[in-house]
Amino acid sequence: MEKCRRLNAPFLEKEASNLRAGDEILLSGVIYTARDAAHKRMSEALARNEKLKVDLSGAVIFYAGPAPARPGEPMGSIGPTTSYRMDPYTLLLLELGVKGMIGKGERSEDVVSSMKKNGAVYLGATGGIAALLARTIVASRVLDYEDLGPEALRELEVRDMPLVVLIDSLGNSMYREGPAKYGKNGK
Amino acid sequence: MRQVPAEQVTETVERLFIEANYHLPPDMVSVLEKGEREEQNPVAKSVFRTILENRRVASEGKFPLCQDCGMAVVFLDMGQETAVTGGNLENAVNEGVRRAYDKGYLRKSIVGEPLFERKNTGDNTPAILHVRVVPGERVAITVAPKGAGSENMSALAMLSPAAGPEGVERFVIETVRKAGPNPCPPIVVGVGVGSDFEGVAELAKRALLRPAESSSSHPRYAALEAELLRKINDLGIGAAGYGGTVTALGVNIEWAPTHIACMPVAVNLCCHANRHCSAEI
Ligand code: SF4
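These numbers come from a predicted model, not from an experiment.

**Q** Mind showing me how you'd approach the site of the ligand here?
**A** Residues in close proximity to the ligand include G79, G127 and G128 of chain A together with C66, D68, G147, G149, S150, P183, C184, C271 and A273 of chain B, which together make up its full environment. In the shell around the ligand, the residues fall into 5 nonpolar, 6 polar and 1 charged.

Dropping the structure here:
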């Protein structure tokens, strides 16, 4: 793995294109949380030609639904949910400017080809280290869909969130290369 | 007849769910420490270290282990010589879940109706409640908050008896291979063999309650567990799916009698946040 570099969100295609699968990064800046239900609502709103409350250009979307924050804390435990469930909604979002996604698990071929076309990256946070990730969130507010509870659309300010590049904008995947090297079944 | 107030059931369930969501059981900590020592891929090794660090931070009681605080699965062994008084047992359990997820700042992840509305119930109820009536006066409660990442990758097959142990092996390994990084490896693999369609799924879930490093008391099943663990780790999926030599921390098989024509097998995967906690009333 390459050595850790810092990245600021939102970011441009050019910055995304410098990242390679396997790179470790520390992400700071402003990102958004949206998971299953928020994706559904966003795509329904877009289909009705409504404007979203999130600026998608250069945006990074974190597939996450946090635990409630304790009083005095900006955030409760937070971590990635499995990304494939967002695949059906992702193509449109990539076309509209999303440059980064944070999740866990494989993506569909369609998503990967759209990432290549639009110069986007897929970043991984380790699943199940949510107490540690919570401490990288500096501020958080609900942007929309508050009634969805943990699934609301949120804006987060993050500092030095530890992530790994899972799929880069050339389509290289850490999930393919890692297991291929350590597997003993030739799969 | 012994009497147990419903309120006591509620309080116990509440305490156990908070405890389970903040404190990883000792058997999981020990297999994670062992995994960290044995893992050969440096990137995956550092995932193990992060998981152990996460567990330490969670145990301070401010942030739960995982943001997915799970479906509230409750196993209740009810001594037949004991009566629950002052309330209904199921309501008492659900009230315990409600209080735990509120007071413990745990995420509420249950939708009331699964297909059309999918509206969050707001309090993580209803619980999935498995009650067994047992001899004596004992009331034993085990709670197991179960995350969806690994639950979604679980599978069930009605194999033909002719498929034999090889058939079971193939199905288990194929399930883990297909799951890849999704269930947050390193995982614990709960396997049920026998019973019927719904019974085998419960066996697999109960298998996850056994300590990750324990072996079946039946020598042939114990040997199958060891064989499966080796073959799963040969898949190379590794911690977080980043590639590595430790994908599973344990394989636990529970079995039960079945029909002459049946050989059901269920695989319930659980992430490294294999949370469970027990108490007796
Ligand atoms: S699978 Fe387990 S560790 Fe991963 S997000 Fe779900 S509950 Fe957390």
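**Q** So what exactly am I meant to see when it comes to the domain arrangement of chain B here?
**A** Frequently, the measure chosen for interface size is the accessible area removed from exposure when the parts meet. All names here are of chain B. As far as domains go, chain B holds domain 1 (2-20 + 65-146) and domain 2 (149-275). Of the residues forming the side of domain 1 that touches domain 2, the biggest block, 4 residues, is contributed by strand β5 (residues 139-146). When its residues are assigned to classes, the side of domain 1 that touches domain 2 shows 6 nonpolar, 2 polar and 2 charged.

**Q** Can you walk me through helix α2 (residues 26-38) of chain B in this structure?
**A** In an α-helix, one turn spans 3.6 residues; hence positions three or four apart end up facing the same way. All names here are of chain B. Counted at 1.5 Å a residue, the expected span for α2 with its 13 residues is 18 Å, and the 18 Å between its end C-alpha atoms agrees. Among the residues of α2, M28, V31, L32, G35 and E36 are the ones counted as buried. For α2, the angular spread of the buried residues around the axis is 145°, confining them to a single face. Residues of α2 that are exposed and point over 90 degrees away from its buried face: P26, E33 and R37. Looking at the packing, one finds that the buried side of α2 touches α3 (42-59) and β8 (248-258).

**Q** Sorry, what's going on with the interface of chain A and chain B here?
**A** On the chain B side, the residues contacting the 38 residues of chain A number 45 residues. Of all the secondary-structure elements, those providing two or more residues to the side of chain A that touches chain B are α5 (130-134) and α6 (174-182) of chain A. The dominant element in the side of chain A that touches chain B, judged by the number of residues it contributes, is α6 of chain A, at 7 residues. Split by residue class, the side of chain A that touches chain B holds 17 nonpolar, 14 polar and 7 charged.

**Q** Help me understand the sheet that holds β5 of chain B in this model?
**A** Where strands meet in a sheet, backbone hydrogen bonds hold them as pairs that are either parallel or antiparallel. Residue and element names in this part refer to chain B. A sheet is described by the order of its strands in space; here 4 strands give the open sequence β4-β2-β5-β10, paired in mixed fashion. Here the strands that pair on one side only, and so sit at the sheet edges, are β4 (128-134) and β10 (277-280). Averaged over all pairs of adjacent strands, the angle between strand axes in this sheet comes to 15°, irrespective of strand direction. Here strand β2 (residues 71-79) runs beside β4; their pairing, made up of 7 bridges, is parallel. Considered in β4, the bridge of L76 is made with V131. Across the sheet, helix α1 (residues 6-22) lies against β2, β5 and β10, angled at about 40° from β5, the strand it touches most.

**Q** Got a minute to help me understand the packing of α1 of chain B against helix α4 (residues 89-103) of chain B in this structure?
**A** All names here are of chain B. Two numbers describe how α1 lies on α4: the axes approach to 7 Å, and their chain directions differ by 35°. Here the hand of the crossing between α1 and α4 comes out right-handed. Residues A6, V9, T10, E11, T12, V13, E14, F17 and I18 of α1 form the contact with α4, whose participating residues are L89, A92, V93, E95, G96, V97, R99 and A100.

**Q** Looking at this structure, I do not really get the sheet that holds β8 of chain B. What am I missing?
**A** Residues and elements named next belong to chain B. Spatial ordering of the open sheet is given by β6-β9-β7-β8, a layout of 4 strands whose pairing is mixed. For this open sheet the edge positions go to β6 (155-159) and β8, each flanked by a neighbour on one side alone. Averaged over all neighbouring strand pairs, the angle between strand axes comes to 15°, with direction disregarded. Bridge count for strand β7 (residues 187-195) against β8 is 9 bridges, and the pairing is parallel. Along β8, the bridge assignment pairs G194 with A256. In this fold helix α6 (residues 164-179) packs onto β6, β7 and β9 (263-270), with an angle of close to 30° to the strand it touches most, β9.

Criteria and thresholds
Residues numbered from 1 in each chain as written. Chains lettered and ligands numbered in written order. Predicted model: local features only at pLDDT ≥ 70, side-chain atom pairs only at ≥ 80, totals over all residues. Near = placed C-beta within 6 Å. Nonpolar A, V, L, I, M, F, W, Y, C, P; charged D, E, K, R; others polar. Domains from an automatic or database assignment. Helix = DSSP H or I, 4+ residues; strand = E, 2+ residues; numbered from the N terminus. Expected span 1.5 Å × (residues − 1). Buried ≥ 20, exposed ≤ 12 C-beta atoms within 10 Å, placed from the backbone. Arc of directions from axis to C-beta. Contact = placed C-beta atoms within 7 Å. Pairing = 2+ DSSP bridges. Axes fitted to C-alpha atoms, helices over the stretch in contact; angles between N-to-C directions. Left-handed = near helix turned anticlockwise from the far one by under 90°.

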